[in-house]
Number of protein chains: 2
Amino acid sequence: MTQSISIFDTTLRDGTQGEGISLTAEDKLKIALRLDALGIHYIEGGNPGSNSKDIEFFKRARELNLNAKLTAFGSTRRKNSSCEQDGNLRNLIESGAKAATLVGKTWDFHVHTALQTTLDENLAMIGESIAFLKRHGLEAIFDSEHFFDGYKANPAYALAALTRAREAGADWIVLCDTNGGTLPSEIAEIVSGVTAQVNAPIGIHTHNDCELAVANTLAAVAAGARQIQGTINGYGERCGNANLCSIIPTLQLKLGYPVVSDEQLRSLTSVARYVGEIANVMLPVNQPYVGTAAFAHKGGIHVSAILKDSKTYEHISPDLVGNKQRVLVSELAGQSNILSKAQEMGLDVTTDSAKAKGVIERIKQLEHEGYQFEGADASLELLLREAYTDLVDVFSVESFKILVEKSKAGTQTEAIVKLNVGGQQVYTAAEGNGPVNALDNALRKALSQYFPGIREIHLSDYKVRVLDEKETTAAKVRVLIESTDFKDSWSTVGVSSNVIEASWEALIDSIRYALLGMAQSDFAPEAPREALGLVNH
Amino acid sequence: MTQSISIFDTTLRDGTQGEGISLTAEDKLKIALRLDALGIHYIEGGNPGSNSKDIEFFKRARELNLNAKLTAFGSTRRKNSSCEQDGNLRNLIESGAKAATLVGKTWDFHVHTALQTTLDENLAMIGESIAFLKRHGLEAIFDSEHFFDGYKANPAYALAALTRAREAGADWIVLCDTNGGTLPSEIAEIVSGVTAQVNAPIGIHTHNDCELAVANTLAAVAAGARQIQGTINGYGERCGNANLCSIIPTLQLKLGYPVVSDEQLRSLTSVARYVGEIANVMLPVNQPYVGTAAFAHKGGIHVSAILKDSKTYEHISPDLVGNKQRVLVSELAGQSNILSKAQEMGLDVTTDSAKAKGVIERIKQLEHEGYQFEGADASLELLLREAYTDLVDVFSVESFKILVEKSKAGTQTEAIVKLNVGGQQVYTAAEGNGPVNALDNALRKALSQYFPGIREIHLSDYKVRVLDEKETTAAKVRVLIESTDFKDSWSTVGVSSNVIEASWEALIDSIRYALLGMAQSDFAPEAPREALGLVNH
């Protein structure tokens, strides 16, 4: 049996049926390019029959000249009609896609309940619709909806539906566990049965309703399936589809199937995070292979062991999928976490463990107050540098004021800040779209005359997290800010019951950290580095 | 072979090794009570040897009189020493726990690299430590760390370690896939091998680094494992542990193992969400069985089918695990979603589909601007009522002002609001911990004289989401607010580039919705329901 596996990505179609996932045509084009670069074989772009956005996508996608086969999604023709009269089917042809996925019923219960037609008419709908696609020169992929439930209820009819599709010319027969309720043992048995009885290339399409979508896909591959349908990050209806970001590395690194190139595999983490950004969904930190915590070590014993040899607590080398190892600092952490963190920063700490103990105590205290350094490396670095170097702050904040006024005329927001920069008082004001933006603007305005380099810095992410829901609007909030100067990026944290104060704290840390990194040349002549206390960092 | 399965929960120990998970002793006690009520058999409370918080937990947990066996976690004794001298082992005894889990090495590579001792000394550490626990009358559970990697590298030594533990009196031999890199097929083969060669009750402990922890646990059970170690929501080091919220219902509903009572199973969703709240981690909406989207239907075809029969797109009935079906409204939604939503609200809409089209258009427009009705049912209901009933607002906002001032003296926040309530102007001010809290206070103050019932309402959750990271502090933010009056709870949404304006919008919707629901009696006599335009809702 061939070892070669076709990866069929439906992030742009089934993926958008996940709660909170919504993609513009522009978003879909961006994602398609990244999927193509990753080496995906089929990219299902959407349902040109269902909305104009998808029609636009297919129109513009033709100009991308992808290596992947662009695939359009639709259903078998309407009951008691003809394919020629079926607008949905005609849209598939007109989409210009080289391949089309047709979903059809194979569960008799669905034929009666959902379609409300006869078993024979459903077979006719399948056969004629597939033949229609083939007549128009498309590669035809038959998605047999609810196949496993259908096979359990009426195996003869479920197989008859597959056979009808194959006889009509279907290039792939894809077995779908649409409700996600099937177990790996059942998948293995049923797929083996199908490969024995249906002479066609078989595909698998699973859902994650039992947290088994990946295992079910692997079981199907072991039983002979050679096309895998899934999505990036497992996005999809209800509990989602099979997660290609877990399936691809497992097939390639652990089962020896050549799926993509090693180079492409190393782009997996960035593709996963990119798609999450575009879809505007935060990746779970603990997502297998690609999550920020997938190779993050927190338990003290684990950390001391990985410092000796990372194989001790890592099932693969993170760089194979473009991820990296992290050591988390938290109350669970032994000194080893702090030490390795500080060593990463090039601080000489091993010699002085009394100091390390003091830092751990301080971190525990701050975490107790709601701070989180796992996601704020720059704030942690400032804290460690304060302990281990003669870090001198180059500016301090004397006061700030925020005024937000909403009336019929609209909303006005302004911030007034009073700073002390290397002995000189700076007092200035700025407007903004919101209170934090106004503060940010005022702060930059005040400091950029001393540190022109600050103009290069911008905030790349801003997150607000309520710490104690019970207290709601009076609760403490934690603000995480990510900043970048186009070369590097760093994240900082602030905590307060006042969202503005918490944001301010994280903003200040971000600037303080940026100033650490700035080269002499970034500073205006009238503010020499030494005068600003930036020595020995 | 016995069908009875013991569930061993390590949320309070391994779970807290997950990034961002941190529990106080108080949190742990609360969670232990819920786990006990769920019918968990073993509750691993922590490592009394590693920190004082866990010592306090075990002290206070004794007073809870749990049905579950409270279990303490520790390691085999230090190399080249005695159990009597081992503070960590003594802490296990002093914890007062009835059972203890001892983790020991079974992978020769780890003995050399992590422990840096001889293979024989490691066997002695295992045997003596287990015997020590038994001498002190504890039930002894041996967690064989990295067993599967160890068995693959050196099966004879891995089995020798298990045998030594069993001979010393271990009540359970638990096989751990500590690095989470093992595949279901390997688990099945190796566990079968162990059950054939080691005469002991076998347990399984898996991690999710390949997104296979649940499948690996099921494979081990099929091969004879009878204790399952996992955590609520799959919290744990790196990618997490086996998720008991997926394993328990699958074993009980699909494989026929009696794990907990039907009543206890119906509490699963609320336990999962409760633990998420305490751990202060948002549950992924698409989490199997217990997520808010686990039975949420978005695709138009799916929705029209479930309206005919929910079995068409649901693998189990949601109420078996205490979850419920939802229909999501979004651009993917056909009219069927809107119609079923409106029908849920008791609105008569089927007759007028032109209006439904109009509402869909409006919703698409708002979603395009960043609104999200999937998580804001009350705002959606207000929108539908505006379209389908003669909804009249009982108050309007003329203006508000926010002042935040931070100085050496501290931070001051005040809000001034001007409302029009049933023709009368109300102008008032209030302070707060933060701008949103101050607005909330001022709003309640202004309205409670007309609607005393408002005093019953409080906000139960407050979320802020940045919509376009690229714009950062100038970006649009979406605020989701959840409110409750102790009977019901409802959620509302606001969107603006100004976090205060967005919060204000969601606050106003929350109050508007509350007023819809309020009975006549909740209103002060001087403000009769009719006068306030609250007729026909």
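Not measured: the values here are computed from a predicted model.

Further remarks concern helix α4 (residues 108–115) of chain A. Residues and elements named next belong to chain A. When you tally the buried positions in α4, you get six out of eight residues, the bulk of the element. Those residues of α4 that fall on the buried side of the exposure criterion are Asp108, Phe109, His110, Val111, Thr113 and Ala114. Of the residues trailing α4, Gln116 is marked for its positive phi of about 55 degrees.

It is worth spelling out the relation of the copies chain A and chain B at this point. What relates the two chain copies is a rotation about an axis together with a slide along it. For the match of chain A to chain B, the screw axis carries a shift of 0.1 Å, the RMSD comes to 0.3 Å, and the turn is 180 degrees. Put plainly, the chains are arranged around a two-fold axis. Of every C-alpha in chain A, the one belonging to A:Leu403 sits nearest the axis of rotation, 2.2 Å from it.

Below, the discussion takes up the packing of aromatic side chains. Evaluated as defined, the whole model comprises 16 aromatic pairs over all chains. Plain terms: the ring middles of B:Phe147 and B:Phe148 are 5.7 Å apart, the flat faces sit at 80 degrees to each other, and that makes the pair edge-to-face. Comparing B:Phe147 with B:Phe148 shows no difference in burial state: the two are buried. Seen in terms of ring centroids, B:Phe400 and B:Trp504 are 4.6 Å apart; in terms of plane orientation they differ by 45 degrees. Their pairing is tilted. Taken together, the positions of B:Phe400 in strand β11 (residues 395–407) and B:Trp504 in helix α18 (residues 499–517) put the pair 104 residues apart, joining distant regions of the chain. Judged by its relative accessible area of 1%, B:Phe400 falls in the buried class. Site record: aromatic cluster; members linked through ring pairs are A:Phe147, A:Phe148 and A:Tyr151. Between A:Arg13 and the ring centre of A:Phe73, over which it is positioned, the NZ or CZ distance is 3.6 Å.

Quick look at the UniProt feature "domain: Pyruvate carboxyltransferase" (unreviewed entry) in chain A now. Under the UniProt annotation, "domain: Pyruvate carboxyltransferase" (unreviewed entry) lies at residues 5–269 of chain A. With 45% helix and 17% strand, residues 5–269 of chain A has end C-alpha atoms that lie 21 Å from one another.

Residue and element names in this part refer to chain B. All of the buried residues in helix α3 (residues 87–94) are Asn88, Leu89 and Leu92. Projected down its long axis, α3 shows its buried positions confined to an angular sector of 100 degrees, all on one face. For α3, the elements touching its buried residues are β3 (69–75), β4 (99–105) and α5 (119–135). With a side-chain oxygen positioned 3.1 Å from the backbone nitrogen of Asn88, the residue opening α3 is Asp86. Positioned one or two residues after α3, Gly96 has a phi angle of 80 degrees, which is positive.

Moving on: the packing of helix α1 (residues 25–38) of chain B against helix α2 (residues 52–61) of chain B. Residue and element names in this part refer to chain B. Viewed as axis vectors pointing N to C, α1 and α2 meet at an angle of 40 degrees, and their least axial separation amounts to 9 Å. What the angle tells us is that α1 and α2 run oblique. Crossing hand, α1 versus α2: right-handed. Facing α1, whose interface residues are Ala25, Glu26, Lys28, Leu29 and Ala32, α2 presents Lys53, Asp54, Glu56, Phe57, Arg60 and Ala61. Classifying every residue of the contact of α1 with α2 by side-chain character gives five nonpolar, no polar and six charged.

Glancing now at the side chain of B:Ser129. Residue and element names in this part refer to chain B. Relative to the elements of secondary structure, Ser129 occurs in helix α5. Here the side chain of Ser129 touches Met125 through a polar contact of 2.5 Å, landing on its backbone oxygen. Not counting residues up to four positions away in its chain, the partners in contact with Ser129 are Thr76, Arg77, Cys83, Leu89, Leu102 and Ala124.

We now examine the pairing of strand β3 (residues 69–75) of chain A. Residue and element names in this part refer to chain A. Within β3, six of the seven residues are buried, which leaves it mostly tucked inside the rest of the structure. Pairing between strand β2 (residues 42–46) and β3: four bridges, direction parallel. Bridging from a neighbouring strand, Gly46 pairs with Ala72 of β3. Where the polypeptide runs from β2 across helix α2 (residues 52–61) and back to β3, its parallel neighbour, the crossover connection is right-handed. Strand direction decides the pairing type here: β3 and strand β4 (residues 99–105), joined by five bridges, are parallel. Paired with Thr71 across the bridge in β4 is Ala99.

Right, let's talk about the interface of chain A and chain B for a bit. Between chain A and chain B, the residue contacts involve 107 residues of the former and 108 residues of the latter. Between chain A and chain B, a total of about 9400 Å² is buried, with carbon and sulfur atoms accounting for 53% of that surface. At the boundary of chain A and chain B, one finds six salt bridges. Across the pair B:Lys406 and A:Glu501 runs a salt bridge, and its minimum N-O distance is 2.9 Å. Our count for the contact surface shared by chain A and chain B stands at 31 residue pairs in polar contact (both at pLDDT 80 or more). Looking at which element gives the most residues to the side of chain A that touches chain B, the answer is strand β11 (residues 395–407) of chain A, with 11 residues. Partitioning the side of chain A that touches chain B into residue classes produces 40 nonpolar, 39 polar and 28 charged. Taken together, the seven bridges between β11(A) and β11(B) define a ladder with antiparallel strand orientation. Paired with A:Val404 across the strands is B:Ile402, a residue of β11(B).

Rules used in this analysis
One numbering rule holds for all chains: residues counted from 1, following each sequence as written. For naming, the first written chain is A and the first written ligand is 1, with later ones following in the order written. Only residues with pLDDT of 70 or above have their local features reported here, since the model is predicted, and side-chain atom pairs are shown and tallied only from 80 upward, although totals for entire chains, interfaces and linings are computed over all residues. The basis for every side-chain value is the complete set of heavy atoms in the structure, and neither hydrogens nor water enter the calculation. Each residue's exposure class comes from its accessible area (1.4 Å probe, protein chains only) as a fraction of the maximum for that residue type: buried when under 20%, exposed when over 50%, partly exposed otherwise. Numbering of helices and strands starts at the N terminus; helices are DSSP runs of H or I of at least 4 residues and strands are runs of E of at least 2. When the copies are overlaid, the least-squares fit takes in C-alpha atoms only where the residue has pLDDT of at least 70 in both copies. Centres within 6.5 Å are what make two rings of Phe, Tyr or Trp a pair, Trp counting through its six-membered ring; a difference in plane orientation under 30 degrees is then read as stacked, over 60 as edge-to-face, and the rest as tilted. Whether a charge sits over a ring comes down to the Lys NZ or Arg CZ being within 6 Å of the ring centre and within 35 degrees of the ring normal. UniProt positions are given in the numbering used here, feature names are shortened, and annotations may be inferred rather than shown by experiment. Within this analysis, the arc is defined by the directions that extend from the helix axis to the C-beta atoms. Contacts between residues were defined by any pair of non-hydrogen atoms, one from each residue, lying within 4.5 Å. Definition of a polar contact: a pair of N or O atoms within 3.5 Å, with one able to donate and the other able to accept a hydrogen when the atoms are protein atoms, and with sequence-neighbouring residues admitted only if both atoms are side-chain atoms. To obtain each axis, a line is fitted to C-alpha atoms, and for helices this fit is confined to the stretch in contact; angles are then taken between N-to-C directions over 0 to 180 degrees. Small angles under 35 degrees read as roughly parallel and large ones over 145 as roughly antiparallel, with 65 to 115 read as roughly perpendicular and the rest as oblique. Helix crossings are classified by the rotation of the near helix relative to the far one: an anticlockwise turn of less than a right angle makes the crossing left-handed, while a clockwise turn makes it right-handed. When residue character is reported, Ala, Val, Leu, Ile, Met, Phe, Trp, Tyr, Cys and Pro are called nonpolar, Asp, Glu, Lys and Arg charged, and the others, Gly included, polar. Strand pairing is defined by DSSP finding a minimum of two bridges between the two strands. Crossover handedness is defined here as right-handed if the route from the first strand over the helix to the second strand goes clockwise, with the strands pointing away from the viewer. Note on definitions: buried area is the accessible-area loss of two parts on being combined, 1.4 Å probe, summed for both. Definition used for salt bridges: Asp or Glu carboxyl oxygen within 4 Å of a side-chain nitrogen of Lys or Arg.

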